[in-house]
Amino acid sequence: MKTQKYLKEPQRFLIYDVRQYNNQLYEPASDRKPTLIQNDYDSEIPILIDYGSGITKAGWGNSAKPDLSVQSLLSKSKDSKTSITQALTSNKIKDVDLFKGNYRSPYERNIIQQFGLLENLNDFIFNEIGVVESKVDHPLIITEPVANPEYCRQNLLEQYFECYEIPSVMIGVDTFFATFYEFGQDRYQSETCLIISIGHTTCHIIPMVNGQIIFEEIKRINVGYFNCFEVLYKQLILKNNHQKHHLDYQTVQAIHLNNCSVAVNYDEQLKYLKYGTDGFQNKFYSNPITRENNILTDLECLQEPIYIDFPIQQKIIDESELLRKQEIRQKQAERLKEAMQKKREEKKRAHEKELAELESLESKFKEDQQSAKMVIEQYFGKGKGIEEVRKRIQKVKVKLGFLPKDTLEEDKYTLINIADSQLTAQQQKQKKLQIIQKQAAETRAEKKALEKQKKEEIIKMKTSNPEVYLNMLYEKRLKIIKKVDEKKKHQQELSTRNSRVNQKRMQTIAQLGASEKIGKDDNFGMNDEDWNIYIGIQRDYESDEENQEMKLNEIEIELREMDHNFDDKIKIGEVNPYGLSMQEPFIELSVDRFRGNEAIFQPGIVGVDSSGLTDVITFVLNKFPAETQAKLLQNIRITGGGSVMQGLAKRIERDLISNFKVGSVVQVNLMHEAIFGAWLGMQKVYKQYGNKLNEYFISKQEYFEKGSSEGIFKSNPFSNVVIPY
Ligand SMILES: Nc1ncnc2c1ncn2[C@@H]1O[C@H](COP(=O)(O)OP(=O)(O)OP(=O)(O)O)[C@@H](O)[C@H]1O
């Protein structure tokens, strides 16, 4: 296959480096808990909760940042002892693969629909942030999405006032709080800007003119960060099935955040990935791109594929770790040696005792043949004579080292040189057996000698021909890696019920059940060989991984000594330098880097029948007179967790430049806080407005007087519109 030629060399990353990312999920550290509990005694301090369909952020009004940031996912499990069903949030279950677990969310899109689950989530929040009393005696400031349906708000208030006995609640829109945090009080009341909020499963486009939110023109698209991420996850699993076990939720999220981006020009990016620099002959690109006469922005925005290496061994183990392992191995070897020595001494004592007994029997035979014969028959079986005793004496003497080993060999094949005519039928049979045994012993000895010679040659080669020796070590290393990999795959297949390996295993067990032996009288297990059937089955489960790892370590120590570039070779993924074929230990990210994120610009990719983000932005902007439109175009702000997608602002900017008339100034910026903006905004509001906020709170008393009807909701500078009845 012809290799692609790109402008820049494709980058390679090690999965261990990629896996590190700024995860925004956490719980309060244990040393912070006492301070949090202190807060519970001061009923003036409000609790701020930014409910999100992706991440719920909660904390006390006087904390510097949210005390808790948790995924809005719950899993119910039954305690085996108490039979009480508990709800666990995703944070509580460490290293979970959220695509595999049975997780449920209180949300459908970004609207709360499951209030039972929300109660579980609230219990968790209040518990974690240090509310110790059964009721929550603090004012609450919470967020809701734009145009939150009335019944959701009513159910929420019902839960707060009746279940938690909360004294008062203020409700605002998450994006408005985030904007307040970004601009501050004055600019929030005067700014003209277009706010784009990329949430977990939705995007909102919110125009703000002279500090007024234009509610009539707010638009929502039903795709968000999660949809983009899900496309990537599915693509990666589909294309790299052999690395499936590595690609869990956390790893793919890290890949998404670190290595994926929004294509500035998706069509051209795809062509670039397909044709590489060959396409610069103006044939493939819609823009005439050439090296001499290029449109710089376009060239800069084209990106090369990325390779992520998954080396088989866990990490390049450091020296101390190696020493520790070596020490353990030495101790184990010493213990084994001691045990062997003990066993040998015991055996020696037993043989000495046996020899003494046999010799006394032999001398007894000389004195009293009759009585000695009885004893011999007792020992060796009926019909056996003094020859058996003598043979045994010789054997024991060889074992004790009193006689050389070949004494026995000579005795072993006594019949070989005697002609058949002089032998009985029984002896002829024995002769045949002896011939076979002798041949087998000779081949064994030959093999042993050959192995010994080989070992000596290898030792010689290490000094005389180190390069060949090094190659041999590399080959050995690859063989072990392959073996471990195959074993892992095999074991993985065993965990899948319908896999070929598992079916074969079941077949073996079924055959065992249907065996003719097990007929009317089931006597399975009477003979030792019956149990051999389990050896085949058990082999699948046995793990010699540690053994292999030890061997691998030993080889790598030697390799490191001989080849100083060994670690570098592994780092760049050069795992196959000596021509052994292996399954690729890396994944390639080419189109996948961009296709997932394209979902918010082309929702059709994830099957959502909707216009894309820039089309909707253009639609919204076209609703405004030219002057306002120009102002809005110059001040586009992106917020929400999805704004962390690389290249997002550039893409929107580029799309809008081509959608509006020549000369329009387009400026797209990210807000400073992507995920915590709304929570920090709530805190800023609480700190700046202070007591003035009281008029915006819905109190428990009002709720019990009026019920949760529409009239109870109070509008505030951050809330949805209240339509009076
Ligand atoms: N570093 C990160 N760590 C964890 N999650 C992240 C990170 N960066 C982005 N995210 C994603 O951000 C999203 C949450 O963003 P955000 O808090 O704005 O949405 P939300 O408020 O939960 O959702 P919505 O506003 O739609 O209800 C999640 O989908 C999450 O996967």
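See above for the structure.
Residues numbered from 1 in each chain as written. Predicted model: local features only at pLDDT ≥ 70, side-chain atom pairs only at ≥ 80, totals over all residues. Heavy atoms only, no water.

Now for the overall build of the protein chain. A tally of regular secondary structure across the protein chain gives 25 helices and 19 strands. In the protein chain, which comprises 725 residues, the share counted as buried stands at 42%. Put simply, of all contacts in the protein chain between residues at least 6 apart along the chain, 69% involve residues at least 24 apart. Just so you have it, the protein chain exposes about 41,500 Å², and 49% of that area is on carbon and sulfur atoms. (Helix = DSSP H or I, 4+ residues; strand = E, 2+ residues; numbered from the N terminus. Buried < 20%, exposed > 50% of the residue type's maximum accessible area, 1.4 Å probe, protein only. Contact = heavy atoms within 4.5 Å. Areas by Shrake-Rupley, 256 points an atom, 1.4 Å probe, with all protein chains shown as cover.)

Moving on, we come to a positive patch on the surface. On the surface, Lys343, Lys347, Lys384, Lys391, Lys395, Lys399, Lys405, Lys412, Arg444 and Lys448 cluster together to form a positively charged patch. Tallying contributions element by element places helix 12 (residues 386-400) first for the positive patch, with three residues. Structurally, lysine 391 is set in helix 12. (Patch = residues over 30% accessible without salt bridge, like charges linked within 9 Å, V, L, I, M, F, W, Y side chains within 5 Å. Salt bridge = Lys/Arg side-chain N within 4 Å of Asp/Glu carboxyl O. Lys, Arg positive; Asp, Glu negative; His and termini not counted. Charge placed at Lys NZ, Arg CZ, Asp CG, Glu CD.)

For the structure on display, the rule yields 17 aromatic pairs. Ring centres of phenylalanine 176 and phenylalanine 215 lie 5.9 Å apart, and the angle between their planes is 75 degrees; this geometry places the pair in the edge-to-face category. In this pair, phenylalanine 176 is assigned in helix 5 (residues 174-188) and phenylalanine 215 in the loop between strand 13 (212-213) and strand 14 (219-221), connecting sequence segments 39 residues apart. Ring geometry for tyrosine 379 and phenylalanine 380: centres 6.1 Å apart, planes at 40 degrees, overall tilted. (Phe/Tyr/Trp six-rings, centres within 6.5 Å; stacked < 30°, edge-to-face > 60°.)

The environment of the ligand is formed by 20 residues, the closest being Asn22, Gly54, Lys57, His200 and Gly641. At a separation of 3.2 Å, a nitrogen atom of the ligand approaches a polar backbone atom of glutamine 24. For the ligand, an oxygen atom lies 2.8 Å from a polar atom in the backbone of isoleucine 55. One can see that the ligand is located within the largest pocket. Contributions of two or more residues to the shell around the ligand are made by strand 3 (55-60) and helix 7 (249-259). Within the shell around the ligand, the residues separate by chemical class into five nonpolar, 13 polar and two charged. (Near = heavy atom within 4 Å. Polar contact = N/O pair within 3.5 Å; in protein donor to acceptor, adjacent residues only side chain to side chain. 1 Å grid on protein atoms, 1.4 Å probe; cavity = no way out; pocket = protein on both sides within 12 Å on 5 of 7 lines; lining within 4 Å. Sits in = over half its atoms within 2 Å of the grid points. Nonpolar A, V, L, I, M, F, W, Y, C, P; charged D, E, K, R; others polar.)

Non-glycine residue alanine 147 carries a positive phi angle of around 55 degrees. Following the sequence through the fold, alanine 147 ends up in the loop between strand 9 (140-144) and helix 4 (150-163). Despite not being glycine, asparagine 210 has its phi angle at roughly 50 degrees, a positive value. Secondary-structure assignment places asparagine 210 in the loop between strand 12 (203-209) and strand 13.

Taken as a whole, the largest pocket holds about 850 Å³ of empty space. As for the largest pocket, its lining consists of 49 residues, and the residues nearest its centre are Ile55, Lys57, Gly199, His200 and Gly641. Classifying every residue of the lining of the largest pocket by side-chain character gives 23 nonpolar, 22 polar and four charged. (Points joined across faces, edges and corners; volume = space filled by probe spheres on them.)

Bringing the pattern of salt bridges into the picture now. Any two side chains of opposite charge can pair, on the condition that their charged atoms come close. Inspection of the entire model under this criterion finds 21 salt bridges. One network of salt bridges, with partners in common, ties together Glu598, Arg651, Arg654 and Asp655.

Across the sheet, six strands lie side by side as 4-3-2-9-10-19; this open sheet has mixed pairing. Edge strands, defined here as strands with exactly one partner in the open sheet, are strand 4 (68-71) and strand 19 (698-699). Contacts from helix 5 reach strand 2 (47-50), strand 9 and strand 10 (168-173) within the one sheet, and its direction differs from that of strand 10 by about 80 degrees. (Pairing = 2+ DSSP bridges. Axes fitted to C-alpha atoms, helices over the stretch in contact; angles between N-to-C directions.)

Taken by themselves, the reported measurements are silent on function.
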